[in-house]
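Structural overview for review
Here is how the chains run, residue by residue.
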Amino acid sequence: GAWAPDIISGLVILNGEIVGEGDMIEFQDSDGNRVLGTVYRTKVFHTEILDPVKNHRIMLQNSRLRGMTIHNLSKFASARGLRESISFNVGYDVPASRIRKMIADAFRQLQESGNRSLEYQHEPELRATKAGDYAIQWTLYYYTKDVRNLLKTGQEVNLALIESAERAPISLATPVILHSQNSVTA
């Protein structure tokens, strides 16, 4: 009785092609943390997932895996590939045109460096996603089909943005404005 849910779930996973060996998936662990991993193999009772961040294997009971919300990053919703994003803050004093130029410079740098993970035929998209007290949060969306190198690609895009911001020069640090009030004592 205790094994039946895992056996049935294992058969459903294997035959239903929910996830397959080699698929990059994303889910939340029991603490609510984001987990990114590659499905290594599915057995009758459990599925083995390789965690590239912590460099270890995760064993999940098949019944538990079927009960989770799983994002299968290997099966794209668009022919463009997987749409990833990076958010950063820039002060209100920097015009959007300079931010766009910084993004174009970063992607030119990535392409010239030989980075093959990005889908350069699809322009990166830049959106103002939040207006805070001291800065605007910008989100950069880009496409990749190289899900096996998802973490490395994100790190390379992030580094290219930082280097491009330094050349611009645009500060990616959230500006801090301190207010002081003079108190009057009578």
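In what follows, the accompanying structure is described. Predicted model only: the values in this text are computed from it and were never measured. (Residues numbered from 1 in each chain as written. Predicted model: local features only at pLDDT ≥ 70, side-chain atom pairs only at ≥ 80, totals over all residues. Heavy atoms only, no water.)

Details of the packing of aromatic side chains
Considering all chains together, one arrives at 1 aromatic pair under this definition. When the ring of F107 is compared with that of Y142, the centres are 6.4 Å apart and the planes differ by 55°; the resulting orientation is tilted. Within this pair, whereas F107 is found in helix 3 (residues 96–112), its partner Y142 is found in strand 8 (residues 135–144), the two being separated by 35 residues in sequence. You can call F107 buried: its relative accessible area is 9%. Taking the relative accessible area as the measure of exposure, Y142 reaches 4% and is therefore buried. In this arrangement the basic side chain of R57 is found over the ring face of Y40, its NZ or CZ atom lying 4.4 Å from the centre. A cation over a ring is seen here: R83 above Y141, with NZ or CZ 4.0 Å from the ring centre. (Phe/Tyr/Trp six-rings, centres within 6.5 Å; stacked < 30°, edge-to-face > 60°. Helix = DSSP H or I, 4+ residues; strand = E, 2+ residues; numbered from the N terminus. Buried < 20%, exposed > 50% of the residue type's maximum accessible area, 1.4 Å probe, protein only. Lys NZ or Arg CZ within 6 Å of the ring centre and 35° of its normal.)

Points about the layout of surface pockets
When its volume is computed, the largest pocket comes out at roughly 230 Å³. Mapped onto the lining of the largest pocket, the elements with two or more residues apiece are strand 2 (34–42) and strand 4 (56–61). Along the lines of polarity and charge, the residues of the lining of the largest pocket split into 8 nonpolar, 3 polar and 5 charged. Along the walls of the second largest pocket sit 13 residues, with I103, A104, F107, E123 and P124 positioned nearest its centre. Here the lining of the second largest pocket gets 6 residues from one element, more than from any other, and that element is helix 3. Among the residues making up the lining of the second largest pocket, the classes are represented as 6 nonpolar, 2 polar and 5 charged. (1 Å grid on protein atoms, 1.4 Å probe; cavity = no way out; pocket = protein on both sides within 12 Å on 5 of 7 lines; lining within 4 Å. Points joined across faces, edges and corners; volume = space filled by probe spheres on them. Nonpolar A, V, L, I, M, F, W, Y, C, P; charged D, E, K, R; others polar.)

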